[in-house]
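A look at the structure
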Amino acid sequence: MEKPNKRVYLDNNATTMLDPKAKEKMDVYFCEKYGNPNSLHSFGTETHPAIKEAFEYIYEGINAHNEDDIIITSCATESNNWVLKGVYFDILRFGEKNHIITTEVEHPAILATCRFLEDLGVNVTYLPIGENGTLDIAKLEAAITEKTALVSVMWANNETGIISPIEEIGAICKKHEILFHTDAVQAIGKIPVDVQKCNIDLLSFSAHKFHGPKGIGGLYIRKNIKLTPLFHGGEHMGGRRSGTLNVPYIIAMGEAMRQATLYLDFERNNVKRLRDKLEDALLSIKDTFVVGSRDIRVPNTILISIRGVEGEAMLWDLNKYGIACSTGSACASEDLEANPVMSAIGADKELAHTAVRISLSRFTTEEEINYAIEIFKKSIERLRAISSSY
């Protein structure tokens, strides 16, 4: 296959490019200031000011208090595992409480861990979502029992971009004195994230979703919350997560968080405008369907079904012209089953296989969107012409 003349990246919910400003700040800590920050000599201590600054940006980005903990992890998958398994070791295994509430459309890092805990005797309620992809708050509160220890609901869905009613869920959990965890991977850098306002006890994030480097993330832990560590060893991060700190990536994540926070208005206005332009063009084509109204989605995301066109076939055709999209979560991209979110909202089997996820970033340009519209229309016409189901 010939290399396409243009390349347009519209898979930013899978990962994002590293912000050049974050890269610039991290570069010096590879070969110049490369000391272990736990060392007492100058090679180690000279890293401390930049690490401190990075943590300040991260705390400010989610409105964490100084008394709270933000622990550096490798990614949100680790953070999610730590929350669920930590709650198991601290509360659930003793039997006083044995119940977790989550949803059917969480990231695989939550769903797979919940299934693992079910094998250990934990009772898990998987709440359904409605036809518009939203969670019914009344059903969530009705699912709470005296045995419930934790509610875990993602802030924004990684496939649809639909925003959960996090503030209302936090209020419910606080009223019932239940721990509340949210996977905020797809929210940070797209919408305001405030752990205080929303009464969040535990929050997971990954840097590479908001233009930081891959392989680093974090877990916010509200003050006075015990959480048994996943990793044991040295006294790094106050003994909560052992392992030598990844100094360059921490510094880059901090700068990426700062930039993401500064660009929230740009996301709300410019990114949304380009997203809506592309979405309007696609919806003008007969027999296309987008999950969730725009006012309940993050500004960058479209999950569209195109009747008569298999999602995988669409991806291959787009890729031929240099356009990158996905059929859903990159963490499940090798699974060619029907899109689980489409199935969860009640889409018929044929339509559930046609879902394509499109996700922009603040680096997406108008020229790229114009090109994407042109290629999408050509690809849909071509694939429908050879479709046996259209």
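The sections below set out a description of the structure shown in this document. Owing to the predicted nature of the structure, the values given are computational and were not obtained by experimental measurement. (Residues numbered from 1 in each chain as written. Predicted model: local features only at pLDDT ≥ 70, side-chain atom pairs only at ≥ 80, totals over all residues. Heavy atoms only, no water.)

**Overview of the nonpolar core**
The test is simple: Residue types Ala, Val, Leu, Ile, Met, Phe, Trp, Tyr and Cys, when buried and joined through side-chain atoms within 4.5 Å, form a set referred to as a nonpolar core. A simple rule labels every residue: compare its accessible area, found with a 1.4 Å probe on the protein chains alone, to the largest value its type can have, and call it buried under 20%, exposed over 50%, or partly exposed in between. Only DSSP runs of H or I with at least four residues qualify as helices, and only runs of E with at least two residues qualify as strands; both kinds are numbered from the N terminus onward. Contacts were defined at the residue level, with two residues in contact if any of their heavy atoms lie within 4.5 Å.
Formed by 75 residues in total, the largest nonpolar core has its most connected members in Ile62, Leu140, Val151, Trp155, Ile188, Leu203 and Phe210. Top contributing element to this core by residue count: helix H8 (residues 247–262), with eight residues. When neighbours within four sequence positions are excluded, leucine 203 is seen to be in contact with Ile62, Trp155, His181, Thr182, Ala184, Ile188, Val193, Val195, Gly218, Leu219 and Tyr220. Listed in part, the 29 residues of the second largest apolar core include Val8, Val271, Met314 and Ile373.

**Examining the packing of helix H3 (residues 48–62) against H8**
Test applied: Here the axes come from fitting lines to C-alpha atoms, over the contacting stretch only for helices, and the angles between their N-to-C directions go from 0 to 180 degrees. Handedness of a crossing is defined here by the sense of rotation of the near helix relative to the far one, left-handed for an anticlockwise turn of less than a right angle and right-handed for a clockwise turn. Each residue receives one of three labels: charged for Asp, Glu, Lys and Arg, nonpolar for Ala, Val, Leu, Ile, Met, Phe, Trp, Tyr, Cys and Pro, and polar for the others, Gly being one of them.
Viewed as axis vectors pointing N to C, H3 and H8 meet at an angle of 35 degrees, and their least axial separation amounts to 8 Å. You can see that H3 and H8 cross each other, and the crossing is left-handed. On the side of H3, the interface is formed by Ala50, Ile51, Ala54, Phe55, Tyr57, Ile58, Gly61 and Ile62, while H8 contributes Val247, Ile250, Ile251, Met253, Gly254, Glu255, Met257, Arg258 and Thr261. Tallied by class, the residues present in the contact of H3 with H8 amount to 12 nonpolar, three polar and two charged.

**Some remarks on helix H9 (residues 264–283)**
Note the threshold: An expected span of 1.5 Å times one less than the residue number is assigned to each helix. By definition, a residue's bend is the angle between the axes fitted to the seven residues ending there and the seven starting there.
The end-to-end C-alpha distance of H9 is 26 Å, a good match for the 28 Å that 20 residues give at a rise of 1.5 Å each. Of all the bends found along H9, the most pronounced is centred on lysine 272 and spans about 35 degrees. Taken residue by residue, H9 has Leu264, Glu267, Val271, Leu274, Arg275, Asp276, Leu278, Glu279, Ala281 and Leu282 as its buried positions. Next to the buried residues of H9 lie H8, strand S9 (288–290), strand S10 (301–306), strand S12 (355–359) and helix H13 (366–385).

**A closer look at the sheet that holds strand S5 (residues 148–152)**
Where we set the bar: One bridge is not enough; two strands pair if DSSP finds at least two bridges between them.
Pairing in this open sheet of seven strands is mixed, and the strands run S2-S8-S7-S6-S5-S3-S4 from one edge to the other. The open sheet is flanked by strand S2 (69–73) and strand S4 (123–127), the only strands paired with a single partner. The mean inter-strand angle of the sheet, taken between neighbouring strand axes irrespective of direction, is 20 degrees. Two elements, S2 and strand S8 (residues 217–221), share five bridges in a ladder whose sense is antiparallel. The residue of S8 that forms the bridge with aspartate 69 is isoleucine 221. Where H3 meets the sheet, it contacts S2, strand S7 (202–206) and S8, and its direction lies at approximately 115 degrees from that of S2. In the packing of helix H4 (residues 76–90) onto the sheet, the strands contacted are S2, strand S3 (99–103), S5, strand S6 (179–183), S7 and S8, and the crossing angle to S7 comes to about 155 degrees.

**Thoughts on the sheet that holds S12**
The strand order across the open sheet built from three strands is S9-S10-S12, with neighbouring strands paired in antiparallel fashion. Whereas interior strands pair on both sides, the edge strands pair on one side only; in this sheet they are S9 and S12. Going across the sheet, the axis of each strand differs from the next one's by a mean of 25 degrees, ignoring polarity. Relative to S10, S9 runs antiparallel, the two sharing three bridges. Note that in S10 the partner of threonine 288 across the bridge is isoleucine 306.

**Section: the state of the cysteines**
Note the cut-off: By definition, disulfides here are pairs of cysteine sulfur atoms that lie within 2.5 Å.
Applying the stated criterion to the full structure yields zero disulfides. Free cysteine cysteine 173: the closest other cysteine sulfur is in cysteine 198, separated by 12 Å.

**Looking at the environment of tyrosine 263**
Assignment of secondary structure puts tyrosine 263 in the loop between H8 and H9. Along the backbone, tyrosine 263 and tryptophan 316 are 53 residues apart, and their C-alpha atoms lie at a distance of 32 Å.

**Focus: the side chain of histidine 208**
Assignment of secondary structure puts histidine 208 in the loop between S7 and S8. Excluding residues that lie within four positions of it along the chain, histidine 208 makes contacts with Ala14, Thr15, Thr16, Pro213 and Lys214.

**What about the environment of tryptophan 316?**
Its location among the elements puts tryptophan 316 in helix H10 (residues 311–320). On the basis of relative accessibility, which here comes to 64%, the residue tryptophan 316 falls in the exposed class.

**Some thoughts on the pattern of salt bridges**
Rules: Just to be clear on terms, a salt bridge is a Lys or Arg side-chain nitrogen sitting within 4 Å of an Asp or Glu carboxyl oxygen.
Taken as a whole, this structure holds 25 salt bridges when the rule is applied. Of the charged contacts in the structure, one is a salt bridge between arginine 268 and aspartate 265, with a shortest N-O distance of 2.2 Å. You can see arginine 268 and its partner aspartate 265 sitting in helix H9, three residues apart, about one turn around the helix. Relative accessible area serves as the criterion here: at 40%, arginine 268 is assigned to the partly exposed category. For aspartate 276, the salt bridge goes to arginine 275, with nearest N and O atoms at 2.7 Å. By relative accessible area, aspartate 276 is classed as buried at 11%. Here arginine 275 falls in the buried class, since its relative accessible area comes to 0%.

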